[in-house]
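Letter by letter, the chains look like this.
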Amino acid sequence: MSTRFPILRPALVAAGAVLALAGCSGGDQVGNSRGAYLGGLSKQVAKDITSIGKAKPALAKPDPEAESRSALGLNKGPLVYISMEGNGYASVIGMAGENGAMRTYYTPYKQSIVLRNGLVAATRGFGFDMESADTASVESLIRSRRSGTAPKVIRYLDGLSLERPIPLSCQVSNTGKTVSYPFAGTTWSGVQMVEHCTGIAGLKIDNSYVVSAAGSIVSSRQWVTPQLGYMTIQTVRP
């Protein structure tokens, strides 16, 4: 395979604020993205991108802190808390497999998310999934906390289960801000990194990351696919 939460609340207000401010323009810009089909890619990609931002029904708010503390007592392996903005799904998920830099996490409903050193590389079972992603170049900048420009490609499944690629040009920046916050019994800290990507049909993506001194992504808000939108990921146990 190729290499590749709304904000956590109420328990993660501090962390969520950091990530939301880092990518404050992302949701609105993506939701307002309009434009003609560009390049040699399918018109379906542009259609999916320009449909972002439709209102979603309100769901009951989860308690990330309580769920995470409970999961820590039940599961001895690596855990992350995720929240997906596109479908409202939020849960603690546990690692089920590891292959080099790739970690596969499963929900209680057997949906899965693959993280490559903390960056979303694939999803399965959510519908309109990320099939794969080429993230090696941006990963190198983000995890080393360096600024620079790098390409990225996200491939997702459309309504006909056809794979659609979205090539992106991304600017990674070190904000110089160190953040620290408690969650589920641990104080997490790191430097705030932001990633601004542009693509076809005026697509603009603003991801944000908190990267530790060791180069680990301890929390992030990452765009997944046009329909799934952004996902916030918080480490519960590395």
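Please refer to the structure higher up on the page.
Residues numbered from 1 in each chain as written. Predicted model: local features only at pLDDT ≥ 70, side-chain atom pairs only at ≥ 80, totals over all residues. Heavy atoms only, no water.

### A look at the overall build of the chain
Next, step 1: Across its full length, the chain holds 5 helices and 12 strands.
Next, step 2: In the chain, which comprises 238 residues, the share counted as buried stands at 50%.
Next, step 3: As presented, the chain carries roughly 10,300 Å² of accessible surface, and 54% of it is formed by carbon and sulfur atoms. (Helix = DSSP H or I, 4+ residues; strand = E, 2+ residues; numbered from the N terminus. Buried < 20%, exposed > 50% of the residue type's maximum accessible area, 1.4 Å probe, protein only. Areas by Shrake-Rupley, 256 points an atom, 1.4 Å probe, with all protein chains shown as cover.)

### Here's the deal with the pairing of strand β4 (residues 112-116)
Next, step 1: For β4, the buried fraction is high: 5 of the 5 residues fall into the buried class.
Next, step 2: Side chains Ser112, Val114 and Arg116 project from β4 onto one buried face, and the interleaved Ile113 and Leu115 project onto a second face that is buried too.
Next, step 3: Alignment of strand β3 (residues 102-106) against β4, held across 5 bridges, turns out to be antiparallel. Along β4, the bridge assignment pairs methionine 102 with arginine 116.
Next, step 4: Between β3 and β4, which pair antiparallel and follow one another directly, the connecting turn spans 5 residues, one of which, lysine 110, has a positive phi of 70°.
Next, step 5: The pairing of β4 with strand β5 (residues 119-124) spans 5 bridges and is classified as antiparallel. Bridge pairing links serine 112 to arginine 124 in β5. (Pairing = 2+ DSSP bridges.)

### Thoughts on the sheet that holds strand β7 (residues 148-157)
Next, step 1: Taken in spatial order, the 12 strands of this open sheet run β5-β4-β3-β2-β1-β12-β11-β10-β9-β8-β7-β6, and their pairing is antiparallel. In the strand order of this sheet, the two ends are held by β5 and β6 (130-134), each with one partner. On average, each strand axis in the sheet is tilted by 30° relative to the strand beside it, whichever way the strands run. (Axes fitted to C-alpha atoms, helices over the stretch in contact; angles between N-to-C directions.)

### Topic: the pattern of salt bridges
Next, step 1: Per the stated rule, a full pass over the model turns up 9 salt bridges.
Next, step 2: In this structure, glutamate 98 engages arginine 103 in a salt bridge whose closest nitrogen and oxygen atoms are separated by 3.2 Å.
Next, step 3: Taking relative accessible area as the criterion, arginine 103 reaches 24% and is therefore assigned partly exposed.
Next, step 4: In this structure, lysine 152 engages glutamate 195 in a salt bridge whose closest nitrogen and oxygen atoms are separated by 2.9 Å. Here the residue lysine 152 occupies a position in strand β7, and glutamate 195 occupies one in strand β9 (residues 186-198), the gap between them amounting to 43 residues.
Next, step 5: In the salt-bridge network here, residues are joined through shared partners; they are Arg116, Glu139 and Arg143. (Salt bridge = Lys/Arg side-chain N within 4 Å of Asp/Glu carboxyl O.)

### What about the pairing of β7?
Next, step 1: Bridge count for β6 against β7 is 4 bridges, and the pairing is antiparallel. Following the sheet pairing, serine 132 is matched in β7 by arginine 155.
Next, step 2: Judged from the 10 bridges that link them, β7 and strand β8 (residues 163-183) form a sheet pairing that is antiparallel. Its bridge partner lying in β8, tyrosine 156 is registered against arginine 164.
Next, step 3: The hairpin turn running from β7 into β8, its antiparallel successor, is 5 residues long, and serine 161 in that turn takes a positive phi close to 60°.

### Focus on the nonpolar core
Next, step 1: In this structure, Ile82, Ile142, Leu168 and Met231 are the most contacted members of the largest nonpolar core, which totals 37 residues.
Next, step 2: Top element by residues in this core is β8. It accounts for 4 residues.
Next, step 3: With residues near it in sequence (within four places) discarded, leucine 168 still touches Ala150, Pro151, Lys152, Ile154, Cys197, Thr198, Gly199, Leu203 and Ile205. (Core = buried A, V, L, I, M, F, W, Y, C linked by side-chain atoms within 4.5 Å. Contact = heavy atoms within 4.5 Å.)

### Looking at the packing of aromatic side chains
Next, step 1: For the structure on display, the rule yields 1 aromatic pair.
Next, step 2: The positively charged end of arginine 221 is found above the aromatic ring belonging to tyrosine 230, 3.9 Å away from the centroid. (Phe/Tyr/Trp six-rings, centres within 6.5 Å; stacked < 30°, edge-to-face > 60°. Lys NZ or Arg CZ within 6 Å of the ring centre and 35° of its normal.)

### A few points about the environment of arginine 145
Next, step 1: Summarising the element assignment, arginine 145 is placed in the loop between α5 (136-143) and β7.
Next, step 2: Separated by 65 residues in sequence, arginine 145 and valine 210 have C-alpha atoms that sit 9.6 Å apart.
Next, step 3: At a separation of 3.1 Å, a polar atom in the side chain of arginine 145 contacts the main-chain carbonyl oxygen of valine 211. (Polar contact = N/O pair within 3.5 Å; in protein donor to acceptor, adjacent residues only side chain to side chain.)

Function cannot be inferred from these measures alone, as they are strictly geometric.
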